[in-house]
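# Structural description and commentary
What follows is the residue order along each chain.
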Amino acid sequence: MNISVAPAVEFALDLLFPARCVHCAADGNLFCDLCIASLSPYPTASCSKCRELTHGPDLCDRCAADPPAITRMTVGYLFDDIARDAVHGLKYGDIRALSPILGTILSEHLIGLRTRPDVIVPVPLHSGRMRERGFNQAESMSNRVAELTGLPVDNGLLNRKLNIPHQAGLQRESRERNILGAFEAGPRTRGLHIMLLDDVTTTGSTLEECARTLKNAGAIRVDAAVFAKEA
Ligand SMILES: [Zn+2]
Ligand SMILES: [Zn+2]
């Protein structure tokens, strides 16, 4: 059930229960300035396509031998304790107000993009999980990124038809196998340069499968942007 709280009630709740930082619990903001400033930027010595750590800004051996569907992946931060508390607060703590904050932070990494995509596509949630959570964190972050970059969001291009169980703890190969065929893309995809957006990625298997699906449906280029990634 999705209960919307009237602004006046929300204001009263804020007075009774002031916001606390999801990481350090300081009063005032959901994600305080000090914690935001302490996020660890993702290493530039990483593969531009999959962001696996490398010895320089080159492609990793895997992407050099067999280019993935994603042309370029932008990662804001390492998925360390601070980033994890922010993402988990958003996803599992149901703190929706974190999504514009994370979207704002991610936008700063997208300002210098040399090639602007036509459209942002949030990684979709399966309808079952969407009902469970009440919102798609990737979509709400995308809306904020769209406001700040002027790029449109289209959450109707890509659909998740299979609900994949949590992939935590699985190796890359198992993740890739599990996610295969989980998405479908519509005919409007043809000819577009798309930027996929998600809160976090581990191996990039989900983003890569989304990109593969979009390209099969005619997308000319697919990039990806995530707030944080496990190294
Ligand atoms: Zn803090
Ligand atoms: Zn790579």
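Look up a bit, the structure's there.
So, a few notes on the structure that sits alongside this text. (Residues numbered from 1 in each chain as written. Chains lettered and ligands numbered in written order. Predicted model: local features only at pLDDT ≥ 70, side-chain atom pairs only at ≥ 80, totals over all residues.)

Let's shift gears to the overall build of the protein chain. A count of helical and extended segments in the protein chain gives nine helices and six strands. With the C-alpha coordinates aligned to their principal axes, the bounding extent of the protein chain is approximately 55 × 40 × 35 Å. The burial tally for the protein chain puts 36% of its 231 residues in the buried class. At a minimum sequence separation of 6, the contacts of the protein chain that also span at least 24 residues come to 71%. (Helix = DSSP H or I, 4+ residues; strand = E, 2+ residues; numbered from the N terminus. Buried ≥ 20, exposed ≤ 12 C-beta atoms within 10 Å, placed from the backbone. Contact = placed C-beta atoms within 7 Å.)

Read from one edge to the other, the open sheet built from four strands follows the order 1-6-5-2, with strand pairing classed as parallel. Pairing within the sheet leaves two strands with one partner each, and these edge strands are strand 1 (73-78) and strand 2 (119-122). The mean angle between the axes of side-by-side strands here comes to 20°, regardless of whether they run parallel or antiparallel. Sheet strands touched by helix 4 (residues 81-91): strand 1, strand 5 (193-201) and strand 6 (221-229). Its angle to strand 5, the strand with the most contacts, is close to 100°. (Pairing = 2+ DSSP bridges. Axes fitted to C-alpha atoms, helices over the stretch in contact; angles between N-to-C directions.)

Further remarks concern the packing of helix 5 (residues 98-108) against helix 7 (residues 137-149). Running from N to C, helix 5 and helix 7 point in directions that differ by 50°, and their axes come no closer than 8 Å. Between helix 5 and helix 7, the interaxial angle falls into the category oblique. The crossing of helix 5 and helix 7 is right-handed. Residue-level contacts link Ser99, Pro100, Leu102, Gly103, Thr104, Leu106 and Ser107 of helix 5 to Gln137, Ser140, Met141, Arg144, Val145, Leu148 and Thr149 of helix 7. Its residues assigned to classes, the contact of helix 5 with helix 7 comprises six nonpolar, seven polar and one charged. (Parallel < 35°, antiparallel > 145°, perpendicular 65-115°, else oblique. Left-handed = near helix turned anticlockwise from the far one by under 90°. Nonpolar A, V, L, I, M, F, W, Y, C, P; charged D, E, K, R; others polar.)

Helix length check: helix 7, at 13 residues, gives a terminal C-alpha distance of 18 Å against a target of 18 Å (1.5 Å per residue), a fit within 8%. Contact partners of the buried residues in helix 7: helix 4, helix 5, strand 2 and strand 5. Backbone geometry just downstream of helix 7 places Gly150 in the positive-phi region, at approximately 80°. (Expected span 1.5 Å × (residues − 1).)

Moving on, we come to unusual backbone geometry. Located in the positive-phi region is Arg51, a residue other than glycine, with phi close to 65°. On the secondary structure map, Arg51 appears in the loop between helix 2 (33-37) and helix 3 (61-65).

Across soluble globular proteins, nonpolar side chains show a tendency to be buried alongside one another. Counting residues in each nonpolar core, the largest one holds 50 residues, and the members touching the most others are Ala86, Leu102, Leu196, Leu197, Ala224 and Phe227. Excluding its chain neighbours within four sequence positions, the residues that come into contact with Ala224 are Ile70, Met73, Met195, Leu196, Leu207 and Ala211. (Core = buried A, V, L, I, M, F, W, Y, C linked by C-beta atoms within 7 Å.)

Before going further, it helps to examine the packing of helix 8 (residues 172-179) against helix 9 (residues 205-216). For the pair helix 8 and helix 9, interaxial distance at closest approach is 9 Å and the crossing angle is 40°. Viewed along their axes, helix 8 and helix 9 adopt a mutual orientation that is oblique. Once helix 8 is placed against helix 9, the crossing between them reads as right-handed. Where helix 8 abuts helix 9, its residues Arg172, Arg175, Glu176 and Ile179 lie against Ser205, Thr206 and Glu209.

Turning our attention to the pairing of strand 6. Two faces make up the sheet, and in a regular strand the side chains alternate between them. The element strand 6 is largely enclosed, with a buried count of eight among its nine residues. As defined by bridge partners, strand 1 adjoins strand 6 across five bridges and the pair is classed as parallel. Residue pairing for strand 6: Met73 is matched across the bridge by Ala224. Handedness of the crossover joining strand 5 and strand 6 through helix 9: right-handed. (Right-handed = clockwise from strand over helix to strand, strands pointing away.)

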